[in-house]
Amino acid sequence: MPKCNKRKLPITVQTQHEGPVSNARTPSKSDKSRKKAKRTLIIQEFHTLNKSLSSIRKEIEHLSRDSSKANNKTIEQLKKSETRTLEKLNDLGGLDTYQKQSLRGQSKISGGDTSRWLIDLLFKLEILPLVNKNTKKLELLEVGALSPLNYSKEFKWIKPTCIDLNSQHKLIIECDFLSVPLDTNVSKQFPCPFDIISLSLVVNFEGDISKRGDMLIHAAKLLEPRSGLLFFVLPLPCISNSRYFNENKLLEIISSLGMKCIAKHHSSKLAYYLFKVEKSFSVSEIKGKFPKILIGDGSKKNNFCIKI
Ligand SMILES: C[S@@+](CC[C@H](N)C(=O)[O-])C[C@H]1O[C@@H](n2cnc3c(N)ncnc32)[C@H](O)[C@@H]1O
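Residues numbered from 1 in each chain as written. Predicted model: local features only at pLDDT ≥ 70, side-chain atom pairs only at ≥ 80, totals over all residues.

1. Some remarks on the sheet that holds strand β2 (residues 158–164)
Alright, step 1. The strand order across the open sheet built from 7 strands is β3-β2-β1-β4-β5-β7-β6, with neighbouring strands paired in mixed fashion. Each of the sheet's edge strands pairs with one partner strand only, and the pair in question is β3 (172–174) and β6 (259–266). Strand-to-strand, the axes of this sheet are offset by a mean angle of 20°, without reference to chain direction.
Alright, step 2. Two elements, strand β1 (residues 138–143) and β2, share 6 bridges in a ladder whose sense is parallel. In the strand pairing of β2, L140 is matched with P160.
Alright, step 3. Those strands touched by helix α4 (residues 115–124) are β4 (196–200), β5 (229–235), β6 and β7 (270–277), and its axis lies near 45° from that of β7.
Alright, step 4. Seen against the sheet, helix α5 (residues 209–222) touches β1, β4, β5, β6 and β7 and runs at an angle of roughly 160° to β4. (Pairing = 2+ DSSP bridges. Helix = DSSP H or I, 4+ residues; strand = E, 2+ residues; numbered from the N terminus. Axes fitted to C-alpha atoms, helices over the stretch in contact; angles between N-to-C directions. Contact = placed C-beta atoms within 7 Å.)

Next up, the structure:
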């Protein structure tokens, strides 16, 4: 059974332990908010460094195609920046620490485990519960799973396949979503097509804007034709405050991938969507249709984008 190709992690993973936990007293409210602020800072810093690393590596790749002297000098400088960025990521504790901080903060920072929004919706849409005992369980692919138990209350109806670039549990398959094979015969680990794919706070984690587009394309291809559901969550500022992206652009991309939005919700921090597959699409027809172009400028805006 071919194993899913592991993507090289951008960092040498090195776990940093938090300071000793004192049992002497119950943590006060200010202790908790200090910890929460620290967690948020680590997560934000990790995202920023990860994004810089992606841009630096893309630039090196681009310049390496032309081996002029001037380019060689710039490449050398870029490689130094790459090393410095990797060192900073290492100092933060790497992807492992980022994930542990994200997991601890899942209920607070993300405003709750996002899977609960999906589950409530599946009940509202009468997709759950599965009333007929003989009905096959829903095959769900959870990408970027920090715990294999997010759907434990629904195990009688839902069969999750959990993956992550850096697995935190033996039930989470360590692999890159983009290498999940489309054909079940290639690997029994992945029972595609899937009824549901969860891309919750994963696409914004990827620093390369073209790979973000590739993730949406891959999700659309892996879903059950005409009924598959894509659960998609982004931090709200990605669609509400970006120079290059907004909800209209997201929905245009989704529509060109043959899907339509059947539900959405904006919390104070996150934008939740449920997209449903309606028809097939051709990758060659949509490639190049969604470039990075300025939608609206402003000093307080961010640069989030998804490119196809
Ligand atoms: C913010 S964290 C976890 C998000 C979690 N799903 C949630 O909703 O709270 C993002 C996770 O996505 C994982 N990830 C990012 N890109 C991935 C990819 N291409 N394949 C698999 N996992 C990926 C990262 O390793 C990280 O653990």
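And the narrative resumes.
2. Examining the site of the ligand
Alright, step 1. Taken together, the neighbourhood of the ligand is formed by 21 residues, with G144, L165, F177, S200 and L201 sitting nearest.
Alright, step 2. Counting only elements with at least two residues in the shell around the ligand, the list comes to α3 (94–109) and β2.
Alright, step 3. For the shell around the ligand, the residue count by class is 10 nonpolar, 8 polar and 3 charged.
Alright, step 4. Structurally, the shell around the ligand is a two-domain feature, drawing no fewer than three residues from each of domain 1 (30–108) and domain 2 (112–286). (Near = placed C-beta within 6 Å. Nonpolar A, V, L, I, M, F, W, Y, C, P; charged D, E, K, R; others polar. Domains from an automatic or database assignment.)

3. Digging into the UniProt feature "coiled-coil region" (unreviewed entry) in the protein chain
Alright, step 1. Summarizing the sequence annotation, UniProt attributes the feature "coiled-coil region" (unreviewed entry) to residues 53–92 in the numbering used throughout.
Alright, step 2. Strand forms 0% of residues 53–92 and helix 90%; the C-alpha atoms that close the span are 14 Å apart. (UniProt positions renumbered as here; feature names shortened; annotations may be inferred.)

4. Examining the domain arrangement of the protein chain
Alright, step 1. Looking at the protein chain, the domain boundaries give domain 1 (30–108) and domain 2 (112–286).
Alright, step 2. Just the C-alpha atoms count here: the centres of domain 1 and domain 2 sit 25 Å apart.
Alright, step 3. Taken together, the contact pairs 12 residues of domain 1 with 9 residues of domain 2.
Alright, step 4. For the side of domain 1 that touches domain 2, the secondary structure elements donating two or more residues are α1 (29–64) and α3.
Alright, step 5. Tallying contributions element by element places α3 first for the side of domain 1 that touches domain 2, with 7 residues.
Alright, step 6. Residue classes in the side of domain 1 that touches domain 2 are distributed as 3 nonpolar, 6 polar and 3 charged.

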